[in-house]
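Structural characterization, general
Listed here are the chains, written in short residue letters.
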Amino acid sequence: MSNNTETLDNAITLTPSAQDHFIQVLSADATAKAIRIGIKLSGCSGQSYVLEPAMTRLPNEKLANHGPIPLWVDPAQLPALRGLEIDCIQDGLNKRIVFNNPNAKGTCGCGESFTS
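In this report, we go over the structure that sits alongside the text. (Residues numbered from 1 in each chain as written. Predicted model: local features only at pLDDT ≥ 70, side-chain atom pairs only at ≥ 80, totals over all residues. Heavy atoms only, no water.)

1. With respect to the overall build of the protein
When its secondary structure is counted, the protein shows 2 helices and 9 strands. Within the span of the protein, comprising 116 residues, buried residues form 36% of the whole. Within the protein, residue pairs in contact and separated by at least 24 positions form 55% of the contacts whose partners lie at least 6 positions apart. Carbon together with sulfur atoms contributes 53% to the accessible area of the protein, which is approximately 6,500 Å² in total. (Helix = DSSP H or I, 4+ residues; strand = E, 2+ residues; numbered from the N terminus. Buried < 20%, exposed > 50% of the residue type's maximum accessible area, 1.4 Å probe, protein only. Contact = heavy atoms within 4.5 Å. Areas by Shrake-Rupley, 256 points an atom, 1.4 Å probe, with all protein chains shown as cover.)

2. Observations regarding the side chain of arginine 36
Along the chain, arginine 36 falls in strand E2 (residues 34-42). A polar contact of 2.6 Å, which involves the side chain of arginine 36, links it to the side chain of glutamate 61. In contact with arginine 36, other than residues within four places in its own chain, are Val50, Leu51, Glu52, Ala54, Thr56, Arg57, Leu58, Glu61 and Trp72. (Polar contact = N/O pair within 3.5 Å; in protein donor to acceptor, adjacent residues only side chain to side chain.)

Rendered as structure tokens:
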């Protein structure tokens, strides 16, 4: 039986710096309840990550993280995302999201896309 309250046992994790970043993202949008993560066909290597504030969970989405930041993911995308660690790196005034994905077989030079 599957329902939208089902969780995926921390299939995706956030580092403390990524948690801090997404707390800021969610607090900047009072209507957002979670971060939606997914993949789309794009970029040099074929797939790229999608991260966006989400107001409502789609019917098929599952909770992929039990930490302070809810992450909603479509289970159909889980084979490419399970084990993913999301980090946020501060480099001077610049901040960037880094994806450490054990399923990625290759990435492009800029790190924006991957193959799985």
